[in-house]
Amino acid sequence: MEFEKLSAPSLKDLFVQQLQGMILSGELAVGTQLPPERELAWQMQVSRAVVNGGLSELAQQGFVEIRPRQGAFVTDYRRRGNLGTLVAIMEYRGGVLGKEEIRSILEVRYALEHLAASHAIRNASDEALDRLGELLADIAASDTPAQAAEAAFRFQHELALISGNSILPLIYYSFKPPVITLWMRFCRLYGIGALCRNTEKLYDLIRARDTDGAARWIDTYLGQAISGSQQIYSE
């Protein structure tokens, strides 16, 4: 039997998590000016290096804005955030996504999968499509929702790679954490077999170079999820 290595969060991680929580809970309102680094370090009993690094990370996530010679201010993460912000929100909520966030992610997936499928049908070689089919088997062989979600992501990421669009796989990969979360939820609700069947049908249409059929199938299975007719917004 093997056990995973345990690791404690660093002081910088704890600093970031505490301020994220205060911002997301509303305890620190948008526009609030944070105390100077020296004072934050004194109050939180950490070094200024920890505070400086933590504020830089919060700025990258869109939670704070660092203004030269003025200090750090809480900003509206909905306007200035990025995918790192979304991951932070998920972690703050224990991995839970809100209904609007789920719909938004599904709508982005809808657009990306249409683009990936149509480009792969047009550009990918038969050998590349054969490799894509090998990844499909990994979904069917999965024993847990987590394994199936990882396998489904590998399939979709490979689809993006063979599409010939050099930016598309980078966008796909940046969405990995929330997409994995939703696939796991789907598997818990409908079973790994349902995820495998959906992916297999898409693959068969791509393998047949059926652009219209692939588009209609994406419209069907993602459209059902977006509309809520196939329940995925909560478990």
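We now turn to the structure provided with this report. The residue count restarts for each chain, going from 1 along the sequence in the order it is written. Only residues with pLDDT of at least 70 get local features here, since the model is predicted, and only at 80 or more are side-chain atom pairs given and counted; chain-wide, interface and lining totals rely on the full set of residues. For side-chain calculations, the full set of non-hydrogen atoms in the structure is used, while hydrogens and water are omitted.

1. Brief notes about the overall build of the protein chain
Numbering of helices and strands starts at the N terminus; helices are DSSP runs of H or I of at least 4 residues and strands are runs of E of at least 2. When its secondary structure is counted, the protein chain shows twelve helices and two strands. Secondary structure elements in the protein chain, listed N-terminal to C-terminal, are α-α-α-β-β-α-α-α-α-α-α-α-α-α. Viewed in the frame of its principal axes, the protein chain has a C-alpha envelope of about 65 × 45 × 35 Å. Scored against the burial criterion, the 235 residues of the protein chain give a buried share of 42%. In what follows, a contact means two residues having at least one pair of non-hydrogen atoms within 4.5 Å. Look at the contacts in the protein chain between residues 6 or more apart in sequence, and 67% of them connect residues 24 or more apart. Residue burial considers only the protein chains on display, and all accessible areas are found by Shrake-Rupley using a 1.4 Å probe. Here the protein chain displays about 12,800 Å² of accessible surface, and carbon together with sulfur accounts for 52% of that area. His is not counted here, nor are the chain ends, while Lys and Arg score as positive and Asp and Glu score as negative. Just so you know, the charge point we use is NZ for Lys, CZ for Arg, CG for Asp and CD for Glu. Of the charged side chains in the protein chain, 24 are positive and 28 negative, and the gap between their average positions amounts to 6 Å. Each residue's exposure class comes from its accessible area (1.4 Å probe, protein chains only) as a fraction of the maximum for that residue type: buried when under 20%, exposed when over 50%, partly exposed otherwise.

2. Quick look at helix 11 (residues 192–207)
Multiplying one less than the number of residues by 1.5 Å gives the expected span of a helix. Here helix 11 contains 16 residues, and its C-alpha end-to-end distance of 22 Å stays within 8% of the 22 Å for a straight helix at 1.5 Å per residue. For helix 11, the elements touching its buried residues are helix 6 (99–123), helix 7 (126–140), helix 8 (145–162), helix 10 (176–190) and helix 12 (211–227). Positive backbone phi, approximately 60°, marks R209, located one or two places after helix 11.

3. Section: the state of the cysteines
Our working definition of a disulfide is a cysteine sulfur pair at a distance within 2.5 Å. Counted by the stated rule, this structure contains zero disulfides. In this structure C187 is not part of a disulfide, and its nearest cysteine sulfur, from C196, lies 9.7 Å away.

4. Concerning the packing of helix 8 against helix 10
Axes, fitted as lines to C-alpha atoms, cover a helix only where it is in contact. Angles between the N-to-C directions of the axes lie from 0 to 180 degrees. Where helix 8 contacts helix 10, the two axes come as close as 8 Å, and the packing angle between them is 130°. Comparing their axes, helix 10 and helix 8 come out oblique. As helix 8 runs across helix 10, the sense of the crossing is right-handed. Contacts between helix 8 and helix 10 involve P145, A146, A148, A149, E150, A152, F153 and Q156 from the former and K176, I180, W183, M184, C187 and R188 from the latter. Under the grouping applied here, Gly and all other residues not named as nonpolar or charged are polar, the nonpolar ones being Ala, Val, Leu, Ile, Met, Phe, Trp, Tyr, Cys and Pro and the charged ones Asp, Glu, Lys and Arg. Taken together, the residues that form the contact of helix 8 with helix 10 break down as ten nonpolar, one polar and three charged. To sort the angles, those under 35 degrees are grouped as roughly parallel, those over 145 as roughly antiparallel, those from 65 to 115 as roughly perpendicular, and the leftovers as oblique. The hand of a helix crossing depends on one turn: near helix anticlockwise from the far one by less than a right angle means left-handed, and clockwise means right-handed.

5. Here we look at helix 12
The end-to-end C-alpha distance of helix 12 is 23 Å, a good match for the 24 Å that 17 residues give at a rise of 1.5 Å each. Turning to helix 12, its buried residues number three or more, namely G213, A214, W217, I218, Y221, L222, A225 and I226. On its buried side, helix 12 packs onto helix 6, helix 8 and helix 11.

6. Some points on the pattern of salt bridges
For this analysis, a salt bridge means a side-chain nitrogen from Lys or Arg found within 4 Å of a carboxyl oxygen belonging to Asp or Glu. In this structure the tally under the stated criterion is ten salt bridges. Here R207 makes a salt bridge to D126, at a shortest N to O gap of 3.6 Å. Of the two residues, R207 sits in helix 11 while D126 sits in helix 7, which places them 81 residues apart along the sequence. One salt-bridge network, held together by shared partners, links D126, D130, R207 and R209.

7. Observations regarding the environment of P145
Structurally, P145 is set in helix 8. Taking relative accessible area as the criterion, P145 reaches 25% and is therefore assigned partly exposed. Distance in space between the C-alpha atoms of P145 and L132 is 20 Å, their sequence separation being 13 residues. The contact partners of P145, leaving out residues within four places of it in the chain, are M184, C187, R188 and I192.

8. Digging into the pairing of strand 2 (residues 71–74)
Looking along a regular strand, one sees the side chains alternate between the two faces of the sheet. In this description, strands pair whenever DSSP reports at least two bridges between them. As defined by bridge partners, strand 1 (residues 64–67) adjoins strand 2 across four bridges and the pair is classed as antiparallel. Considered in strand 2, the bridge of V64 is made with V74.

9. Let's talk about the packing of helix 1 (residues 11–24) against helix 3 (residues 48–60)
Closest axis-to-axis distance for the helix 1/helix 3 pair is 9 Å, and the angle between their directions is 50°. One element, helix 1, and the other, helix 3, form an angle in the oblique class. For the element pair helix 1 and helix 3, the recorded crossing hand is right-handed. Residues L11, K12, F15, V16, L19 and Q20 of helix 1 pack against V50, V51, G53, G54, L55, E57 and L58 of helix 3. Tallied by class, residues from the contact of helix 1 with helix 3 come to eight nonpolar, three polar and two charged.

10. Structural notes on unusual backbone geometry
One non-glycine residue with positive phi stands out, namely R69, at about 65°. Within the element layout of this structure, R69 appears in the loop between strand 1 and strand 2. For R69, a relative accessible area of 85% puts it in the exposed group. If you check the backbone angles, R209 has positive phi at about 60° while not being a glycine. Topologically, R209 is positioned in the loop between helix 11 and helix 12.

Geometry only, nothing functional implied.
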